[in-house]
Amino acid sequence: PGWATLQLTSQPTGAAVMLEGEPLGVTPLTAEIMQGTRTLQLSLEQYKPVNLQQAFIAGTTLELDDVVLTPADGTLALSSVPSGATISSNGDYLGTTPASLQLASGKQHTLRLTRPGYQTLDKTIQLQPEQQQTLQLSLSPQYGVVFIKASPADASLAIDGKPSGKATRRLNLTTRAHTLEISKPGYVSQRLTVTPRAGVSKNVDVSLKTAEQTRQKKQAAATPPMLTTAAG
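Here goes a summary of the coordinates provided. These numbers come from a predicted model, not from an experiment.

Calculation rules
- Residues numbered from 1 in each chain as written.
- Predicted model: local features only at pLDDT ≥ 70, side-chain atom pairs only at ≥ 80, totals over all residues.
- Heavy atoms only, no water.
- Helix = DSSP H or I, 4+ residues; strand = E, 2+ residues; numbered from the N terminus.
- Contact = heavy atoms within 4.5 Å.
- Pairing = 2+ DSSP bridges.
- Core = buried A, V, L, I, M, F, W, Y, C linked by side-chain atoms within 4.5 Å.
- Buried < 20%, exposed > 50% of the residue type's maximum accessible area, 1.4 Å probe, protein only.
- Salt bridge = Lys/Arg side-chain N within 4 Å of Asp/Glu carboxyl O.
- Expected span 1.5 Å × (residues − 1).
- Axes fitted to C-alpha atoms, helices over the stretch in contact; angles between N-to-C directions.

## Structural notes on the environment of Leu-19
Summarising the element assignment, Leu-19 is placed in strand S2 (residues 16-19). Sequence separation of Leu-19 and Tyr-47 is 28 residues, and the distance between their C-alpha atoms is 19 Å. Apart from residues lying up to four places away in sequence, Leu-19 is in contact with Leu-24, Ile-33, Arg-38, Thr-39 and Leu-40.

## As for the pairing of strand S15 (residues 143-151)
Pairing of S15 with strand S18 (residues 169-174) involves six bridges; the strand directions are antiparallel. Its bridge partner being in S18, Tyr-143 is matched across the sheet by Thr-174. With six bridges connecting them, S15 and strand S22 (residues 202-207) associate as parallel partners. Residue pairing for S22: Ser-151 is matched across the bridge by Ser-207.

## Section: the nonpolar core
Counting 17 residues, the largest nonpolar core has Leu-6, Leu-8, Leu-40, Leu-42 and Leu-52 as the members making the most contacts within it. The contact partners of Leu-6, leaving out residues within four places of it in the chain, are Leu-24, Leu-29, Thr-30, Ala-31, Ile-33, Leu-40, Phe-56, Leu-62 and Leu-64. With 15 residues, the next largest nonpolar core counts Ala-167, Leu-180, Val-204 and Val-206 among its residues.

## As for the pattern of salt bridges
Using the criterion set out here, one finds five salt bridges in the structure. Where Asp-154 meets Lys-184, a salt bridge forms, and the shortest distance between an N and an O atom there is 3.0 Å. Here Lys-184 lies in the loop between strand S19 (178-183) and strand S20 (187-188) and Asp-154 lies in the loop between S15 and strand S16 (156-159), a separation of 30 residues in the sequence. Note that Arg-176 and Asp-160 form a salt bridge whose closest N and O atoms lie 3.6 Å from each other. Here the residue Arg-176 occupies a position in the loop between S18 and S19, and Asp-160 occupies one in the loop between S16 and strand S17 (162-166), the gap between them amounting to 16 residues. By relative accessible area, Arg-176 is classed as partly exposed at 33%.

## Concerning helix H1 (residues 211-222)
Taking 1.5 Å as the rise per residue, H1 with 12 residues should run 16 Å; its terminal C-alpha atoms sit 17 Å apart, in good agreement. Little of H1 is tucked away: zero of the 12 residues are buried.

## A closer look at unusual backbone geometry
Cis geometry marks the peptide bond from Thr-27 to Pro-28, where omega comes out at 0°. Note that Pro-28 resides in the loop between strand S3 (22-26) and strand S4 (29-34). Residue Thr-97 is joined to Pro-98 through a cis peptide bond whose omega torsion reads -5°. Among the structural elements, Pro-98 can be located in the loop between strand S10 (92-96) and strand S11 (99-103). The phi dihedral of Asp-66 is positive, around 50°, even though this residue is not glycine. Summarising the element assignment, Asp-66 is placed in strand S7 (residues 61-68). In the Ramachandran plot, Glu-130 falls in the positive-phi region, its phi being about 65° despite a non-glycine side chain. With respect to the element layout, Glu-130 can be found in the loop between strand S13 (121-126) and strand S14 (132-138). Residue class for Glu-130 comes out partly exposed when judged on its relative accessible area of 44%.

## Concerning the sheet that holds S15
Strands pair in a sheet through their backbones, by hydrogen bonds, and they do so in one of two ways: parallel or antiparallel. Spatially, S18-S15-S22 is the arrangement adopted by the three strands of the open sheet, whose pairing is mixed. With partners counted over all chains shown, the strands left at the sheet margins are S18 and S22, one partner each. Strand after strand, the sheet turns through a mean of 30° between neighbouring axes, direction not considered.

## Section: the sheet that holds S10
Taking strand neighbours across the sheet as the criterion, the four strands line up as S10-S9-S12-S13 in an open arrangement whose pairing is antiparallel. What marks the edges here is a single partner per strand, and that holds for S10 and S13. Pairs of neighbouring strands in the sheet enclose a mean axial angle of 30°, with direction left out of account. In terms of strand pairing, strand S12 (residues 108-114) meets S13 through six bridges, oriented antiparallel.

Quick look at the structure:
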């Protein structure tokens, strides 16, 4: 004979068996396979397919006992408000929202969403095999306090390019980088970047200079404090 005998079982049973793309039967299975190296594929609904490459020797019996099938993953379509939040699980980076995540089924996953200026959000989720779920999470803003003292006192303030009234004031800003611009007609505007921290106030003192004062300051900075003549 030019064939070998295959005895194949799986956990769970009832998996469809293909021999190089041709149906062979379901587990538990006993079949005659022509000698040579052959590729077997086991598939079962809600489980991941398994590929096996085996060498079959004519006149022998090959026993493949209890091929364990792994439950199929679930799919989570995750989005957030606002979008662009970083997704991680157990310290592993999974991408940014919106994202489609393949998660192992039958176990709990704790997903963490972070975004500058917003509170960290943790969400525990468990999916069934081949389950497709859509989830949208809303992030809560996180604020820090910034005290601005400007001179002249009636100077104006712009936050991230938007006019925001007088500069000398108390601000509640989200804990991300913000661009502040203090200006007044007849003075040179100043622009700075501040990143507030939750629970900690930040003080910013700004003194505007006229164009002439700025020019004189630059000249003074360019002149060294001591000059040495050629005679020493």
